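Descriptive analysis of the structure
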Amino acid sequence: MLSRAVCGTGRQLAPALGYLGSRQKHSLPDLPYDYGALEPHINAEIMQLHHCKHHAAYVNNLNVTEEKYQEALAKGDVTAQIALQPALKFNGGGHINHSIFWTNLSPNGGGEPKGELLEAIKRDFGSFEKFKEKLMAASVGVQGSGWGWLGFNKERGQLQIAACPNQDPLQGTTGLIPLLGIDVWEHAYYLQYKNARPDYLKAIWNIINWENVTERYMACKK
Amino acid sequence: MYVHIFILFFVDPNRSKFNSKFNFYPFLRTTLATIKKKGYKCDNSSYKCIFKTWRVTELWNTKPFSLIKLPFNPENMRPFLSTEAIEYHYAKHHAAYVKNLNNLAEENCELKKMTLEEIIVLYNGVIHNNAAQLYNHNFFWLGIKEDGGGEPYGVIKEKIEENFTDFQNFKDQFTKEALSHFGSGWIWLIIKKNKLKIHQGHDDQTPLKGAIGHPILTLDIWEHAYYVDYRNARIDYIKEWFNKINWDFANYNLFASLEGQC
């Protein structure tokens, strides 16, 4: 039975601020499945920490940073606005990336995509296997913390693989539209896989939600 | 405690010095000699057997780069670090950099005659990454000890008071820097133009490249350094690190940085 994992503090992360009532605060999305649903590929403890602690912190800190940014805008303080950019990029990127990531995974996932997405993969990478190798290589190769991505290059009408450092959002930094992201920050796999990032990357293919990736692809092409 | 700082310099078998002219190996050797005096041998109850279980002992003798012997008993670093955390960090992560750099030295022979510091300053990319991470992890392990922590003493105490008013304020500042770093990296206490500073190094960055400063202490804030014991609570890991700081190592580095200045 699928149930949605809800972080206990997910809905009350930021204090209500009346004077900013016109702007919608960001909130932690519920997971579309239970914390244990992705086992044995990603264990429940990782999923809970990843969602409830890490993603929640990005949401919380994004809201705080945006409040400060609003204040700096209101005062016309450009220096303060610039100083807040790294925090906006980091926390904003973290919120965007993780929100996509949870939908990219599913306990019923795995296998291969079908239809137009599979055709596009074969067209742009040669075969599904070659695409898989390329995405895995990009993800393994991230030095430090970051993400491996399958993205869509709207200008060329092509699928493209990219890696982004830290929480840099794919679209915001490269222009590619994110379809499938693989979190290779150590918090995403360390408790289960320790230093063996390649083992985590092999396992994650069993839970890729190709329906979601296809939906995102179809939306790009419009 | 300052005696070892004045020991004459030995040839550096690990091709690493922690500054341009001083060799940290006298420091390491005296530390290990102290351990040896206490009569540790690898019997069933000795911690040295751990290193055989971890399969790192061969890496102690590889060339041109080798894995340093941990200057502490991995079972005695709680609550800062569990034995399990140290095993993964030392025997997997740190060891991998040794193996990688030796492989790179096979393909790039000039590396065989260089120190880690030289490689870090002159190279970028994968060679820099492995040399820097090897250096960083050496520095981190040497900067902690079983009976470490407490108030600083010696010249480092004076410099901390001079630059941070007092030890508590230094801890507050260091904690703030370590918490605010986005992503992986190392938080360094450095000295530059006779001033102590805290420097955030992203990913594999050291204060050596770009002559940012002379390193005194470092704290690893890659997630693998604290996740096993603290999960996402980096703040608790930082608090416990202060209780294990090897102030002798800090004083050694401070002394080394002042070389040439009377």
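Chain B is annotated in an unreviewed UniProt entry as Superoxide dismutase [Mn], mitochondrial of Piliocolobus tephrosceles. What the UniProt record of chain B gives under Function (unreviewed entry) is the line "Destroys superoxide anion radicals which are normally produced within the cells and which are toxic to biological systems." UniProt, in its Catalytic activity (unreviewed entry) section for chain B, records the words "2 superoxide + 2 H(+) = H2O2 + O2".

As annotated in an unreviewed UniProt entry, chain A carries the name Superoxide dismutase and comes from Piliocolobus tephrosceles. Per UniProt, the comment on chain A under Sequence similarities (unreviewed entry) is "Belongs to the iron/manganese superoxide dismutase family."

On to the state of the cysteines. Any covalent bond linking the sulfur atoms of two cysteines counts as a disulfide. Residues and elements named next belong to chain A. Using the criterion set out here, one finds zero disulfides over all chains in the structure. With no disulfide of its own, Cys 220 lies closest to Cys 164 among cysteine sulfurs, the gap being 15 Å. A relative accessible area of 5% means that Cys 220 is categorised as buried.

On to helix α2 (residues 78–104) of chain A. Residues and elements named next belong to chain A. Counted at 1.5 Å a residue, the expected span for α2 with its 27 residues is 39 Å, and the 37 Å between its end C-alpha atoms agrees. Approximately 35° is the largest bend angle found in α2, and it occurs at Leu 84, with the proline Pro 86 only one to four residues beyond. Of the residues that open α2, the one with a side-chain oxygen 3.3 Å from the backbone nitrogen of Thr 79 is Asp 77.

Attention shifts here to the UniProt feature "binding site: Mn(2+)" (unreviewed entry) in chain A. Following the UniProt record, the feature "binding site: Mn(2+)" (unreviewed entry) maps to His 50, His 98, Asp 183 and His 187 of chain A here. Over a stretch of 138 residues, the named residues converge on one spot in the fold, their C-alpha atoms separated by at most 12.4 Å. Checked against the lining of the largest pocket, the annotated residues reduce to His 187 of chain A. The topology assignment puts His 98 of chain A in helix α2. Apart from the residues within four sequence positions on either side, His 98 of chain A is in contact with His 50, His 55, Tyr 58, Trp 147, Gln 167, Asp 183 and His 187 of chain A. As for its placement among the helices and strands, His 187 of chain A is situated in the loop between β3 (177–183) and α6 (190–193). Contacts of His 187 of chain A, omitting those with residues within four sequence positions, involve Ile 46, His 50, His 54, Tyr 58 and His 98 of chain A together with Glu 223 and Tyr 227 of chain B.

Our focus in this paragraph is the pattern of salt bridges. Residue and element names in this part refer to chain A. Counted under the stated rule, the structure contains eleven salt bridges over all chains. The residue Lys 25 makes a salt bridge to Glu 67 at a minimum N-O spacing of 2.9 Å. Taken as a pair, Lys 25 in the segment before α1 (44–75) and Glu 67 in helix α1 lie far apart in primary sequence, 42 residues in all. Look at Glu 67 and you get buried, because its relative accessible area is 14%.

What follows deals with the side chain of Thr 206 of chain B. Residues and elements named next belong to chain B. Here Thr 206 lies in the loop between β2 (195–202) and β3 (214–220). Within the local environment of Thr 206, its side chain forms a polar contact with the backbone nitrogen of Leu 208, the two atoms lying 3.0 Å apart. Each residue touching Thr 206, except ones within four places of it in the same chain, is listed here: Ile 120, Ala 132, Tyr 135, Asn 136, Trp 188 and Ile 212.

All names here are of chain A. Taking strand neighbours across the sheet as the criterion, the three strands line up as β2-β1-β3 in an open arrangement whose pairing is antiparallel. Either end of the sheet is taken by a strand with one partner, and the two such strands are β2 (158–165) and β3. Across this sheet, the average inter-strand angle for adjacent strands is 25°, counted without regard to direction. Here strand β1 (residues 146–153) runs beside β2; their pairing, made up of eight bridges, is antiparallel. From the neighbouring strand, Leu 150 faces β2, where its bridge partner is Ile 161.

All names here are of chain B. Of all hydrophobic cores here, the largest spans 76 residues; its most connected members are Tyr 90, Trp 141, Phe 170, Leu 189, Tyr 237 and Trp 241. Of all the elements, helix α3 (residues 83–107) adds the most residues to this core, at eleven residues. Split by domain, the residues of this core number at least three in each of domain 1 (20–142) and domain 2 (155–260). Among residues more than four places away in sequence, those in contact with Leu 189 are Ile 156, Phe 164, Phe 170, Phe 174, Leu 196, Lys 197, Ile 198, His 214, Pro 215, Ile 216 and Leu 217.

Conventions and cut-offs
Residues numbered from 1 in each chain as written. Chains lettered and ligands numbered in written order. Predicted model: local features only at pLDDT ≥ 70, side-chain atom pairs only at ≥ 80, totals over all residues. Heavy atoms only, no water. UniProt positions renumbered as here; feature names shortened; annotations may be inferred. Disulfide = S-S within 2.5 Å. Buried < 20%, exposed > 50% of the residue type's maximum accessible area, 1.4 Å probe, protein only. Helix = DSSP H or I, 4+ residues; strand = E, 2+ residues; numbered from the N terminus. Expected span 1.5 Å × (residues − 1). Bend = angle between axes of the 7 residues up to and from the residue. Polar contact = N/O pair within 3.5 Å; in protein donor to acceptor, adjacent residues only side chain to side chain. 1 Å grid on protein atoms, 1.4 Å probe; cavity = no way out; pocket = protein on both sides within 12 Å on 5 of 7 lines; lining within 4 Å. Contact = heavy atoms within 4.5 Å. Salt bridge = Lys/Arg side-chain N within 4 Å of Asp/Glu carboxyl O. Pairing = 2+ DSSP bridges. Axes fitted to C-alpha atoms, helices over the stretch in contact; angles between N-to-C directions. Core = buried A, V, L, I, M, F, W, Y, C linked by side-chain atoms within 4.5 Å. Domains from an automatic or database assignment.

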